[in-house]
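As a plain string of letters, each chain reads:
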Amino acid sequence: ISLLPIDARGMIVADVHRIMATEFAQKAIQEDKNYQKYQEFIQETGIDPKKDIFFFVAALSHKPGQEDKQEGVAVINLKYNRDLLLSKIKKESQELQETDYNGIRLYQGIQMEEKELLSGAFLDDSNIVAGNDALVRAVIDVYQKKAENILKNDAMASLVKGMDKSAMVYGAFLVPAGSIAEAASKNPMLSTFESITSVLLSFDYRNKVFLAEIKAQSTDAEKNKQLADALNGFKAFGAAAAAKEPELAELLNQIEITSTPAHVKISASLPEALLESLSQKMKAQKAQPQEKEY
């Protein structure tokens with residue numbers, strides 16, 4: 001987190017090492033149709049994501065006056081062999097260009113759809129940075145102590161203190177002032193979201209149960225109650241529609257929506273067995289032959 005630039009408006013952290021150590025993740029990897037490519041990646045780069053990647057930290061920012069255009073950067077904390085990884089990157093990216101920034105080698109490529117310059121750099125033997133070129137340079141500035149980090153941004157620092165850092169994935173985002181109000185002017189249904197100033201979120205997996213929490217922070221107690229009531233209304237409607245699907249109804253029952261004068265909170269506790277049952281049912285329905293219309 002301390003490597004993220006001061007003007008970041010949002011961030012998310014994934015404890016990859018803990019995630020990969022779960023039985024759920026290991027099963028998903030082994031059963032994935034691209035498992036062979038996963039093995040090839042390990043052989044070519046020397047990086048085994050289950051053992052060698054520790055943290056993935058991403059930040060979002062935007063250019064002044066362009067709040068609707070988000071730009072991203074990620075810092076990956078891992079154990080790696082620079083030469084092997086660079087060889088793999090060059091093999092996959094034929095248009096890769098190299099330049100120097102404050103003594104650190106930048107590897108640049110072009111994202112064809114947006115024509116946006118993307119960059120990556122090896123900060124040291126444990127950290128790699130990649131993403132929007134300007135933000136990669138900003139991270140390098142922070143790394144070299146030539147610029148302040150996100151913790152010097154009072155608004156984000158306050159959110160960082162409130163994050164559930166014990167979760168496998170957690171994050172915080174500032175909501176640009178007026179952005180929801182502008183959207184609400186086009187869609188009145190969004191008016192109950194207008195008072196939200198920031199969002200905290202966390203996702204975890206413990207004892208074969210997926211845990212999720214989203215907390216939308218606001219100082220308008222009445223708006224918070226209205227939003228919670230509206231979301232509970234949608235939940236009740238969904239439960240009624242799912243009357244013939246007991247697993248779906250049970251899933252909705254595991255979601256709780258509450259409000260206080262300071263926030264609206266959505267929390268869920270979803271057993272892995274329930275999600276697996278829903279997944280199998282969806283696969284079975286998809287596999288059934290569709291009736292032809294004449």
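Above: the structure in question.
Residues numbered from 1 in each chain as written. Predicted model: local features only at pLDDT ≥ 70, side-chain atom pairs only at ≥ 80, totals over all residues. Heavy atoms only, no water.

### Overview of the overall build of the protein
Of the regular secondary structure elements, the protein holds 11 helices and 12 strands. When the 294 residues of the protein are sorted by exposure, 37% land in the buried category. Long-range pairs, those at least 24 residues apart, make up 61% of the contacts in the protein between residues at least 6 apart in sequence. Here the protein displays about 17700 Å² of accessible surface, and carbon together with sulfur accounts for 55% of that area. (Helix = DSSP H or I, 4+ residues; strand = E, 2+ residues; numbered from the N terminus. Buried < 20%, exposed > 50% of the residue type's maximum accessible area, 1.4 Å probe, protein only. Contact = heavy atoms within 4.5 Å. Areas by Shrake-Rupley, 256 points an atom, 1.4 Å probe, with all protein chains shown as cover.)

### Section: the packing of aromatic side chains
Aromatic ring pairs are reported here in terms of the distance separating the ring centres and the angle at which the planes meet. Tallying each qualifying case throughout the model produces six aromatic pairs. A ring pair is formed by F24 and F210, whose centres lie 4.9 Å apart and whose planes are at 85 degrees; its orientation type is edge-to-face. Of this pair, F24 sits in helix α2 (residues 23-31) while F210 sits in strand β10 (residues 209-217), placing them 186 residues apart in sequence. With a centroid separation of 5.6 Å and 20 degrees between ring planes, the pair formed by Y80 and F122 is classed as stacked. Of this pair, Y80 sits in the loop between β3 (70-78) and α5 (82-92) while F122 sits in strand β6 (residues 116-122); the two residues are 42 residues apart in sequence, bridging distant segments of the chain. The same class applies to Y80 as to F122, namely buried. By the ring-pair criterion, three or more aromatic residues cluster together here, those being F24, Y205 and F210. (Phe/Tyr/Trp six-rings, centres within 6.5 Å; stacked < 30°, edge-to-face > 60°.)

### Here we look at the packing of helix α3 (residues 35-45) against α5
Two numbers describe how α3 lies on α5: the axes approach to 8 Å, and their chain directions differ by 120 degrees. Relative to α5, the element α3 is oriented oblique. For the pair α3 and α5, the contacting residues are F41, E44 and T45 in the first and L84, L85, K88 and K91 in the second. Among the residues making up the contact of α3 with α5, the classes are represented as three nonpolar, one polar and three charged. (Axes fitted to C-alpha atoms, helices over the stretch in contact; angles between N-to-C directions. Parallel < 35°, antiparallel > 145°, perpendicular 65-115°, else oblique. Nonpolar A, V, L, I, M, F, W, Y, C, P; charged D, E, K, R; others polar.)

### A short note on the environment of V160
By the secondary structure assignment, V160 is in helix α7 (residues 154-162). What V160 contacts, discounting residues up to four positions off in sequence, is M11, L151 and K165.

### Side note on the pattern of salt bridges
One pass over the structure, following the stated rule, counts 12 salt bridges. One salt bridge connects E44 with K91, and the closest N-O pair in it is separated by 3.8 Å. With a gap of 47 residues between them, E44 in helix α3 and K91 in helix α5 connect regions that are remote in the sequence. Classification of E44 by relative accessible area gives partly exposed; the value is 29%. A salt bridge links D52 to K79; its shortest N-O distance comes to 3.7 Å. (Salt bridge = Lys/Arg side-chain N within 4 Å of Asp/Glu carboxyl O.)

### Observations concerning the pairing of strand β2 (residues 53-62)
Sheet analysis places strand β1 (residues 10-15) next to β2, joined by six bridges and oriented antiparallel. Paired with A14 across the bridge in β2 is F56. Sheet topology note: the β2/β3 ladder contains nine bridges and is antiparallel. In the strand pairing of β3, I53 is matched with L78. (Pairing = 2+ DSSP bridges.)

### Focus on the nonpolar core
By size, the foremost hydrophobic cluster in this structure holds 28 residues, and its most contacted members are M11, V129 and I140. Looking at this core element by element, the count peaks at four residues for helix α6 (residues 133-143). Other than its neighbours up to four places away in sequence, M11 contacts I1, L4, A58, A59, I150, M156, V160, M163, Y170, G171, A172 and F173. Judged by nonpolar contacts, the second largest core, of 18 residues, contains I29, I47, F122 and Y205. (Core = buried A, V, L, I, M, F, W, Y, C linked by side-chain atoms within 4.5 Å.)

### Side note on the side chain of E247
In this structure, E247 sits in helix α10 (residues 246-253). Once residues within four sequence positions are removed from consideration, E247 is found in contact with L274, S277, L278 and K281.

### So, the side chain of E272
Along the chain, E272 falls in helix α11 (residues 272-287). In this structure, E272 is buried with no salt-bridge partner, the nearest side chain bearing the opposite charge being K208 at 4.5 Å. In this view, E272 contacts F24, Y205, K208, V209 and F210; residues no more than four positions away in its chain are not counted. (Lys, Arg positive; Asp, Glu negative; His and termini not counted.)

### Some thoughts on unusual backbone geometry
With phi around 55 degrees, N102 is a residue other than glycine that occupies positive phi space. Within the secondary structure, N102 is located in the loop between β4 (97-101) and β5 (104-111). Take N102: its relative accessible area is 35%, and that puts it in the partly exposed class. Positive phi, normally seen in glycine, also occurs at K145, with a value near 60 degrees. Along the chain, the position of K145 falls in the loop between α6 and α7. We classify K145 as exposed; its relative accessible area is 77%.

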